[in-house]
Amino acid sequence: MKRILFLVLVLFMVGCATVTVEQQDKNTRYKITNIMDFQTVSGETPEDFEKKIPQSNLILNSAVHFKKGFYTKKIAENVRDFDFQKGLIAILKNDKIQTNYENCYEILLNEAFEKVEISDLFISVRNENSFQIYDLQACGLIFSLNAKQKGIEAYGDKILVFENRYFEILNLDKSVYLSGNLFNRILKGHIYKDKVYLVDDKNNFVTVNLIDKTMDASKKFDLEYAVFENGNFYLQRDNSLLRINLDNLTVEDNLTDGSFISKSGSYIILTETLKNYFNSDFKNIEKIRYKDSVYFVLMGKELYGFDFAKEIFEKRIIFGKYQPNACSNGEFYRFIDVSGDEIYIDLKKISLTSKVEKFMCYTELQYKKGAFYYPDGKIAFRFADVVIENEKYIMLKRVIDKDNIYFFFEDKNVD
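Residues numbered from 1 in each chain as written. Predicted model: local features only at pLDDT ≥ 70, side-chain atom pairs only at ≥ 80, totals over all residues. Heavy atoms only, no water.

**Details of the sheet that holds strand 33 (residues 363-364)**
Part 1 of the reasoning: Strand order in the open sheet formed by five strands is 32-31-30-29-33, with antiparallel pairing between adjacent strands. Since the sheet does not close on itself, it has two edges, and those belong to strand 32 (351-353) and strand 33, each with one partner.
Part 2 of the reasoning: By the bridge criterion, five bridges tie strand 30 (residues 332-336) to strand 31 (residues 342-346) in an arrangement that is antiparallel. The residue bridging Y333 from the neighbouring strand is I345, located in strand 31. (Pairing = 2+ DSSP bridges. Helix = DSSP H or I, 4+ residues; strand = E, 2+ residues; numbered from the N terminus.)

**A short note on the pattern of salt bridges**
Part 1 of the reasoning: Counted by the stated rule, this structure contains 19 salt bridges.
Part 2 of the reasoning: Between K51 and D48 there is a salt bridge, and its shortest N-O distance comes to 3.8 Å.
Part 3 of the reasoning: Notably, a salt bridge pairs R126 with E117, separated by 3.4 Å at the nearest N-O pair.
Part 4 of the reasoning: Salt bridges linked by common partners bring K115, E117, R126 and E153 together as one network. (Salt bridge = Lys/Arg side-chain N within 4 Å of Asp/Glu carboxyl O.)

**What about the environment of V251?**
Part 1 of the reasoning: Note on placement: V251 falls in strand 23 (residues 250-256).
Part 2 of the reasoning: Each C-alpha atom of the pair V251 and Y234 lies 9.5 Å from the other, and the pair is 17 residues apart in sequence.
Part 3 of the reasoning: The contacts of V251, once residues within four sequence positions are left out, are L242, R243 and I244. (Contact = heavy atoms within 4.5 Å.)

**Details of the nonpolar core**
Part 1 of the reasoning: Judged by nonpolar contacts, the single largest core of 19 residues is most densely connected at Y333, F335, L365, F372, F381, F383 and F408.
Part 2 of the reasoning: Looking at this core, the elements that each hand over two or more residues are strand 30, strand 31, strand 36 (379-382), strand 38 (393-401) and strand 39 (404-411).
Part 3 of the reasoning: Discounting residues that sit within four places of it in the chain, F383 has contacts with Y322, P324, F335, D337, Y367, G370, A371, F372, R398 and F408. (Core = buried A, V, L, I, M, F, W, Y, C linked by side-chain atoms within 4.5 Å. Buried < 20%, exposed > 50% of the residue type's maximum accessible area, 1.4 Å probe, protein only.)

What follows is the structure, given as structure tokens:
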């Protein structure tokens, strides 16, 4: 047994009175439904849409926008918190927990909680006064504890409780598996795999081995603020954030300001995928969990799922008849695009340009089948192509770029 060097006043070894827990099904992945089911998405593409003219008068008097993006799904509303681990999601609402575990889709609560966490098939919830654990296989409450002025963390069937200098590890039947004291007040605690990690108010980092029931020599970190999350320990120093891997206590990342957000007592790590998608607008993001290409994002009280490996076209109807309009001042064309944008084209360069201040229209251009013409009949420029027509209508296609394609319609019976 390793020698305990310092920081520990006493470490009590209590007999291993463990609770009998039903063995988890090794095939639990088959009991978890895929809430990001891609099959429910409409497969319509611009190529599909342009094969025939719609029959709906509403669409014929509107414009249709196909915008390419990533598969996005609104998962839930009125969400207080959520967690996502290994395909399993737990969504905390005012009076219930919703999951995608097929034998326990919903758990009713007897009070309001603020935080939810997943560990294996156990779900824990907490507020200022209460801490509870629910077993998804039993679909019911199996552990509860008064949490007032206590720090509590759970990992599988072990629960860490700490208050002032004292800590203990409980089994699910509330018997004490292990307990002890530090010299200083414990600020944070965490269980990960077979170890307990404690941080005191003097910035000492202590590791307790649950198998050997021994305590390693402490480490000291220079930190302003620290957070445990799953297998990581985050240390903030000024405008940087160190991510330490709890498996080997090595620094995995040194994130700089702009690559993370400190929010709600935790950190949001801004991956390149998130930066590119949200364009630095993160003010409404409360929490993020992700695995591979699938991201779950809590924004305000709404939970969304994004699958960045699946590109799809989203179809949107722009109500109101599009009336093409353009003119020239001799140097530039100006026209109102089907998107609603005001577009300027440099006649000399035949290219788009930024807005021309104090633009004066000298020549009104005439529109016909996706192109604008001068009064003498000479073509000025084309911005859309005819893709199909029948005896009543012409369908035109306007390609802004590969990710934005518009369709609009001309009535042959209207001059």
